[in-house]
Amino acid sequence: MMLNRPRRNRQNEVIRSMVRESYLSPDHLIAPLFVIDGKNQNIPIKSMPGQSRLSIDELVKEVKELYSLGVKCVALFPAIDEKLKTPDAREAYNRDGLNFRSIRAVKEAVPGMLVMGDIALDPYSSDGHDGLVDPKTGEIMNDPTLEVLAKQALCEAEAGADIIGPSDMMDGRVGYIRMALDESSHQNKLIMSYTAKYASSFYGPFRDALDSAPKKGDKKTYQMDPANSTEALREAELDMAEGADILMVKPGLPYLDIIYRLKEMSTLPIAAYNISGEYAMLKAAAQNGWLDNDKAILETLTCFRRAGADIILTYFAKEAAKLLNK
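Rules used throughout
Residues numbered from 1 in each chain as written. Predicted model: local features only at pLDDT ≥ 70, side-chain atom pairs only at ≥ 80, totals over all residues. Heavy atoms only, no water. Buried < 20%, exposed > 50% of the residue type's maximum accessible area, 1.4 Å probe, protein only. Helix = DSSP H or I, 4+ residues; strand = E, 2+ residues; numbered from the N terminus. Pairing = 2+ DSSP bridges. Right-handed = clockwise from strand over helix to strand, strands pointing away. Phe/Tyr/Trp six-rings, centres within 6.5 Å; stacked < 30°, edge-to-face > 60°. Lys NZ or Arg CZ within 6 Å of the ring centre and 35° of its normal. Expected span 1.5 Å × (residues − 1). Contact = heavy atoms within 4.5 Å.

Some thoughts on the pairing of strand S9 (residues 190-197)
(1) Moving on: With seven of eight residues buried, S9 lies mostly within the body of the structure.
(2) Moving on: Taken together, the two bridges between strand S8 (residues 163-166) and S9 define a ladder with parallel strand orientation. In the strand pairing of S9, Ile 163 is matched with Leu 190.
(3) Moving on: Between the parallel pair S8 and S9, the chain is carried across by helix H5 (residues 173-183), and the sense of this crossover is right-handed.
(4) Moving on: Summarising the sheet, S9 and strand S10 (residues 246-250) pair through four bridges and their orientation is parallel.

What about the packing of aromatic side chains?
For any pair of aromatic rings, the description consists of the separation of the ring centres together with the inter-plane angle of the planes.
(1) Moving on: For the coordinates displayed, the defined rule picks out nine aromatic pairs.
(2) Moving on: Put simply, the rings of Phe 34, Phe 77, Tyr 194, Phe 206, Tyr 273, Tyr 279, Tyr 315 and Phe 316 pair up and form one aromatic cluster.
(3) Moving on: Above the face of the Tyr 67 ring, Lys 72 is positioned so that its terminal group lies 4.9 Å from the ring centre.
(4) Moving on: One Lys or Arg, Lys 197, reaches over the ring of Tyr 203 and ends 6.0 Å from the middle of that ring.

Re helix H9 (residues 276-287)
(1) Moving on: Compared with the 16 Å implied by 1.5 Å per residue over 12 residues, the 16 Å span of H9 between its first and last C-alpha is a close match.
(2) Moving on: Counting buried positions along H9 gives nine out of 12 residues, so the element sits mostly inside the fold.
(3) Moving on: Among the residues of H9, those classed as buried are Ser 276, Gly 277, Glu 278, Tyr 279, Ala 280, Leu 282, Lys 283, Ala 285 and Ala 286.
(4) Moving on: Taken together, the buried residues of H9 touch helix H6 (204-210), strand S11 (270-274), helix H10 (293-307) and helix H11 (317-325).

A few points about the side chain of Lys 189
(1) Moving on: Looking at the element boundaries, Lys 189 is found in the loop between H5 and S9.
(2) Moving on: Leave out the neighbours within four places in its chain, and Lys 189 touches Ala 157, Gly 160, Ala 161, Asp 162, Ile 164, Arg 178, Leu 181 and Asp 245.

All we've got here are geometric facts, nothing functional implied.
What follows is the structure, encoded as C-alpha cells:
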C-alpha cells in the first residue's frame, strides 16, 4: 500500500492554487524603460524585440499604460547624445539633462508611479565606464567617482525619483550616497543597491540600447566575477551596513542561487534584474517557435519569486501584467 502520494495535491487547479508556494503579480514588477531626446520618437531596439527607445512624450504614454495594468514602478535609462559624453561625465548631474527631465515628466503625469533612477556614469562618460577613468593609467578611480555619483543621486532625488539605484559597483558608494541624501533632507529616498552585479556576457542588448559599452577594456575590476558566490554575501553585508533599503542581484536567471543566498542571510527585500540578454534569448526562441512566449515569461518570472526575489526588474513587465490580469 502506498501511503504517500504527492500527486493528490496536484490533481486540479483549485488544489494546486491552494498549496502553491510562490505567486506572481504585477505588484512584484519594475519596468525598465529607455529614454531619448526629441518628440514622437518610438525607435525599436533590434536586439530586444518589443522594446524601444522612447522620447519623453512617448515615455509618458507607456508609463500610463503600465500603471493601468498594475505595474507601479519604472526604472529609467537615458540614451545620451554622444556629443554630451565627457571624461568627467558631468552630464550625469546636469539638472536640465534628459534623465532629470524624464523623471519629472513621469512624476507629473502619473504621480502614483514610483520612479527608480540609475546611478552610474557609463551613459554619460566618453570612456563608457561606470566610474571615472585615470587618463594616465586607465584605472577606474573609485573614490573620485563617489563624488560624482552623489551629485547625480541628489539631482535625481530633487527631480522626484523615489528609488535611487546605484549600479556602478564602486566600493562605499551606498554609504556615500546615503549620507549625501540624508544631509540634503532626502532621508526618505530608498536606495536599491546593485549589490551583486556580475561582469556578465548577458548585457549586450542593454549596451546596444544605450550605446554605453566601454571604449577600452572591460568592467571586471569592479563588477563581480561570475565564478563567485560567497563574495556576494560580503557585498550584501557592506551594503546593509551602509544604509541600503533593498539588495539587488544582476543578472537574474544565471544567478538564482545568489538570490537564494541573499534572501537566506538578509532581512532586507531582495530584487532581481531579469536583464536584456535573458530577455533577448527568450524572445528569439519564441519568434522561432521553439518556446511558448507567454508560458515561458510567466515561468521565468515565477522562478525568480521561488528563488526569493521580492521585486523583479524585467523587460517582460507589460506582457506579464497583461497575462496576469487575464
